[in-house]
Amino acid sequence: MRTLWVNFSQKSRGDCCFICLDCSGIYTDPAARIDIRSGLPALREAWIAERGDTETLEGLTSAYGRERASRAASDPELEGQRFPGLIRKPRR
């Protein structure tokens, strides 16, 4: 939730306010350190592991995923699409 102040004139500090749902996430938090090349933080990783209904895989399991990963590693044109800070193993 976020409180927004509405100014009806340029001289006033805030004539009234209303509370709304802020769905912008961390992008409006001035203290947030955002690096889009690192991916989103794994906030639910421990919760997912504790459920016991998934397993961590050693690597990509589909032929499509493996082909894309090998192409991305050897094709300089794909440099802008890589996420070097994202080093998570896939789950099933």
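What counts and what doesn't
- Residues numbered from 1 in each chain as written.
- Predicted model: local features only at pLDDT ≥ 70, side-chain atom pairs only at ≥ 80, totals over all residues.
- Heavy atoms only, no water.
- Helix = DSSP H or I, 4+ residues; strand = E, 2+ residues; numbered from the N terminus.
- Buried < 20%, exposed > 50% of the residue type's maximum accessible area, 1.4 Å probe, protein only.
- Contact = heavy atoms within 4.5 Å.
- Areas by Shrake-Rupley, 256 points an atom, 1.4 Å probe, with all protein chains shown as cover.
- Patch = residues over 30% accessible without salt bridge, like charges linked within 9 Å, V, L, I, M, F, W, Y side chains within 5 Å.
- Salt bridge = Lys/Arg side-chain N within 4 Å of Asp/Glu carboxyl O.
- Phe/Tyr/Trp six-rings, centres within 6.5 Å; stacked < 30°, edge-to-face > 60°.
- Lys NZ or Arg CZ within 6 Å of the ring centre and 35° of its normal.
- pLDDT = per-residue confidence, 0-100.

1. Quick notes on the overall build of the chain
Here is step 1 of the chain: A count of helical and extended segments in the chain gives 2 helices and 2 strands.
Here is step 2 of the chain: Going residue by residue from the N terminus, the α and β elements of the chain occur as β-β-α-α.
Here is step 3 of the chain: Sorting the 92 residues of the chain into buried and exposed places 3% on the buried side.
Here is step 4 of the chain: Of the contacts formed within the chain by residues at least 6 apart in sequence, a portion of 44% connects residues at least 24 apart.
Here is step 5 of the chain: Of the roughly 8,300 Å² of accessible surface on the chain, 56% is carried by carbon and sulfur atoms.

2. Considerations on a nonpolar patch on the surface
Here is step 1 of the chain: A surface patch of nonpolar side chains, amounting to about 530 Å² of accessible area, comprises Ile26, Tyr27, Ile34, Ile36 and Leu40.
Here is step 2 of the chain: Summarising the element assignment, Ile26 is placed in the loop between strand E2 (16-20) and helix H1 (45-51).

3. So, the packing of aromatic side chains
Any aromatic ring pair is given by two values, namely how distant the centres are and how the planes are angled relative to each other.
Here is step 1 of the chain: In the structure shown here, the tally under the stated rule is 0 aromatic pairs.
Here is step 2 of the chain: Over the ring of Trp47 we find Arg51; its NZ or CZ atom is 4.7 Å from the centre of that ring.

4. What to know about the confidence of the model for the chain
Here is step 1 of the chain: Averaged over every residue, the pLDDT of the chain is 81; the share at 70 or more is 89%.
Here is step 2 of the chain: Put simply, strand E1 (residues 2-6) is where the chain has its lowest mean pLDDT, 81, and H1 is where it has its highest, 94.

5. Describing the pattern of salt bridges
Here is step 1 of the chain: Counting across every chain of the model gives 4 salt bridges.
Here is step 2 of the chain: Where Asp22 meets Arg2, a salt bridge forms, and the shortest distance between an N and an O atom there is 3.4 Å. With Asp22 in the loop between E2 and H1 and Arg2 in strand E1, this residue pair connects regions lying 20 residues apart in the sequence.
Here is step 3 of the chain: Residue Arg2 is classed as partly exposed on the basis of its relative accessible area of 35%.

6. Looking at the environment of Pro41
Here is step 1 of the chain: Of note, Pro41 is situated in the loop between E2 and H1.
Here is step 2 of the chain: Distance in space between the C-alpha atoms of Pro41 and Leu86 is 9.4 Å, their sequence separation being 45 residues.

7. A closer look at the environment of Thr28
Here is step 1 of the chain: Tracing the backbone shows Thr28 in the loop between E2 and H1.
Here is step 2 of the chain: Overall, the relative accessible area of 38% leaves Thr28 in the partly exposed class.
Here is step 3 of the chain: Setting aside its immediate chain neighbours within four residues, Thr28 contacts Arg2 and Asp22.

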